[in-house]
Amino acid sequence: MEAGFLKSRRALGLTFFASLVLMVTLLAETASADKVGLFKSKDGIKVRYTVVTPFPFVKTKAYPAIIAFPGGRQDSKAAKAAITDFWGPEARKRGYFVFVPEAPKGYRFYQRGVFLAPELIEHFKKKFKIKGEKFHMAGNSNGGLSAFRIALKNRKRISSLTVFPGFPAFTRDYYRLTRLKNVKTNLFVNEKDERWASMTEFTYERLKALGFDMTFEKFGDDGHKVKALAGTKAKKLFDIIER
């Protein structure tokens, strides 16, 4: 009887171990499903980007798409952090493409990099099956500045704008906000992130006065990173985009 008990325990242990291996394998396969691509503009400027793909992925199916600009230096490290913190798991689960471009050396997407956006957007449309052929534009921190500026210059190509935080980077862009009148706009910021909170709220007041379809929310967290939309809380980010 004792031998049978030990045998059963061993079998249960092996079953648990096999399940654990399978789960780790599936997670690894999901992460490895993300693709790294390279875009080259007509002027020869190269932009590296990562594509988060739905899991499971059906090649013939069209999926909704988000272009998510990373914060900070907008380099490879920032792109990976954006995918890990905000976009990856929820996008794979809900069935979204998320394109996370990296700024070329010496560029920022809210500065010189803004002029690369039209070609980059067309590149994504040609290479991937995009539902409705429009994009949700988004970004955190410097990515939020980038998303705002690029949205203002490419409004016919986008269906929503979500920044956390973000606002127009240049004074002249506030006079162009009416261009986004038909674009759903979502603004998020930590209230203790003083400069960013002040500018994001100012932007909200301007958009509100123009009668925009929008969401604005301030969170009580310290620091610059909007943790209320990170990790498992990214569900809220996608819920807002899908509203």
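Before going into details, it helps to say that this report is about the structure given with it. (Residues numbered from 1 in each chain as written. Predicted model: local features only at pLDDT ≥ 70, side-chain atom pairs only at ≥ 80, totals over all residues. Heavy atoms only, no water.)

A few words on the side chain of Asn140. Relative to the assigned elements, Asn140 resides in the loop between strand E5 (130-139) and helix H4 (142-153). With residues near it in sequence (within four places) discarded, Asn140 still touches Phe69, Pro70, Gly71, Ala82, Phe86, Phe164 and Pro165. (Helix = DSSP H or I, 4+ residues; strand = E, 2+ residues; numbered from the N terminus. Contact = heavy atoms within 4.5 Å.)

The subject of this paragraph is helix H6 (residues 194-209). In this model, H6 (16 residues) spans 23 Å end to end at C-alpha, consistent with the 22 Å of a helix rising 1.5 Å per residue. In this fold, the buried residues of H6 make contact with H4, helix H5 (171-174), strand E7 (184-190) and strand E8 (214-219). Downstream of H6 by one or two residues, Gly211 has phi in the positive range, about 75°. (Expected span 1.5 Å × (residues − 1).)

Turning our eyes to something else, we now look at the sheet that holds strand E4 (residues 97-101). Read from one edge of the open sheet, eight strands run E1-E2-E4-E3-E5-E6-E7-E8, paired in mixed fashion. The open sheet has two edge strands with one neighbour each: strand E1 (35-40) and E8. Taken pair by pair, the neighbouring strands of this sheet meet at an average axis angle of 20°, ignoring direction. In this fold helix H3 (residues 117-127) packs onto E1, strand E2 (46-52), strand E3 (63-69), E4 and E5, with an angle of close to 140° to the strand it touches most, E5. Across the sheet, helix H7 (residues 234-242) is in contact with E3, E5, strand E6 (158-163), E7 and E8; its angle to E7 comes to roughly 155°. (Pairing = 2+ DSSP bridges. Axes fitted to C-alpha atoms, helices over the stretch in contact; angles between N-to-C directions.)

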